[in-house]
Amino acid sequence: MASKFINLLQPLTMGPLTLRNRIIMSALTRSRSVPTNVPNDINLEYYAQRARGGAGLITTEGTLICQQGAEWQNAPGIWNQDQVVAWKRITDAVHAEGGLIFSQLWHLGRVTHPDAPEQKASGMPVYGPSAIAARGGKFRFLPGQPGYVTPVAVDDPRVLIDLYRQAAINAKEAGFDGVELHAANGYLVHQFLDSTSNKRTDAYGGSVENRARVGLEILRELVSVWGSKRVAVRLSPSGGYNDMGMPLQENIDTFRYFISQADVLDLGYICLVRYIPEFDPKIDGQHRATKHDVLKTYRPCIKKSLLLLNGGLTPEEANQLIAAKEIDAAAFGTLWIGHPDLAKRIEQGVPIDAKLDHKTFYGGGPQIPYEEQKKGYTDYPAARL
């Protein structure tokens, strides 16, 4: 059975790193760093399980670069020393299982809430490129379950860029093998790229080149800390989620420019998320995404970096795309939730058939007892091989 996926199972060289296969674990928000955004023993077991299960590379869940009032109260952070020490235990555990792990660096921008306890504690406003609210959102832990608010347009984006640099330094101290910039899903970098959320008239808004500036400046800072091949970026050009999306040609022009310029930096990889119906909400009766063929549209822009594809892939399709040299590796998300040994199952031809409990995808908040946070997180069994 192993030969069926021979391309997916081939090792992959990424600069100084050698991935044992091309089966990547995508970033997955699971919201279980209870109670203070510091990774815990349950998080350690979760990542160690998936390293033991053969992942070629693990990308952490979105990891907050500063204290923020996110919809997911228990997302982990990497802005203080307690978090760095906690992550070091996790990276050590992953390395002990022969794995590699990148930290996904995350700032939510305009889709946080000023009344969230974490946002209040930060002493910072909800920042965005412009004072334009995203439509949607549901802060279930706040009275009335409010949606997104109008953000404060950040005066000098360098303030935020510097936070990414410090987070990259912290990730290095925590023993990660590299970092991935989260520039997808309507979060801060994506908000600067998209002309519907960025109406600035300074050097960070207006033209495609200006709207791309924040993301590219962040990538250059990350490269200055890590070296180019240990830096990656994740993009979702179809938008939709968190009220993102431009007219088709503007969308294509924007992302072709950004991807081409990012590729000049000779990154470890560029991960493209293709159109996913579940991430295309209806707003005012219309689907929000700019639906197009992400792989076909942007593949020609990537010449130096590896290309990872994410978004509803099956192992069969991924294997075919690698064989055709359309992609270099496949980033699987949901399949890793119920199959901590996904890579070994693919290698051995074991069915990928876990029954997922969607109610446990995200932790239930600090009110859920610690032991119960394991449910739907670390209690999916590995196959008996």
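Residues numbered from 1 in each chain as written. Predicted model: local features only at pLDDT ≥ 70, side-chain atom pairs only at ≥ 80, totals over all residues. Heavy atoms only, no water.

The name an unreviewed UniProt entry assigns to the chain is NADH:flavin oxidoreductase/NADH oxidase N-terminal domain-containing protein, from the organism Suillus placidus.

Observations regarding the packing of aromatic side chains
Taken as a whole, this structure holds 12 aromatic pairs when the rule is applied. Put simply, the rings of Tyr46, Tyr47, Trp87, Phe176 and Tyr377 pair up and form one aromatic cluster. Against the face of Trp226 rests Lys172, its NZ or CZ located 5.6 Å from the ring centre. (Phe/Tyr/Trp six-rings, centres within 6.5 Å; stacked < 30°, edge-to-face > 60°. Lys NZ or Arg CZ within 6 Å of the ring centre and 35° of its normal.)

Brief notes about the sheet that holds strand S9 (residues 231-235)
Reading around the circumference, S3-S4-S5-S8-S9-S10-S13-S14 is the order of the 8 strands in this closed barrel, with parallel pairing throughout. Neighbour-to-neighbour, the strand axes of the sheet open up by a mean angle of 25°, direction not taken into account. Sheet analysis places strand S3 (residues 23-25) next to strand S4 (residues 57-64), joined by 2 bridges and oriented parallel. Residue Ile24 lies in a different strand from S4, and its bridge partner there is Leu57. (Pairing = 2+ DSSP bridges. Helix = DSSP H or I, 4+ residues; strand = E, 2+ residues; numbered from the N terminus. Axes fitted to C-alpha atoms, helices over the stretch in contact; angles between N-to-C directions.)

Some remarks on the side chain of Glu221
Structurally, Glu221 can be placed in helix H7 (residues 213-226). Non-local contacts of Glu221, meaning those with residues more than four positions away in its chain, are made with Arg158, Ile161 and Arg165. (Contact = heavy atoms within 4.5 Å.)

Focus on the packing of helix H4 (residues 158-173) against H7
Running from amino to carboxyl end, H4 crosses H7 at an angle of 30°, the nearest separation of the two axes being 9 Å. Judged by the inter-axis angle, H4 sits roughly parallel to H7. The crossing of H4 and H7 is right-handed. Touching Arg158, Ile161, Tyr164, Arg165, Ala168, Ile169, Ala171 and Lys172 of H4 are Val214, Glu217, Ile218, Glu221, Leu222, Ser224, Val225 and Trp226, all from H7. Class assignment of the residues belonging to the contact of H4 with H7 gives a composition of 10 nonpolar, 1 polar and 5 charged. (Parallel < 35°, antiparallel > 145°, perpendicular 65-115°, else oblique. Left-handed = near helix turned anticlockwise from the far one by under 90°. Nonpolar A, V, L, I, M, F, W, Y, C, P; charged D, E, K, R; others polar.)

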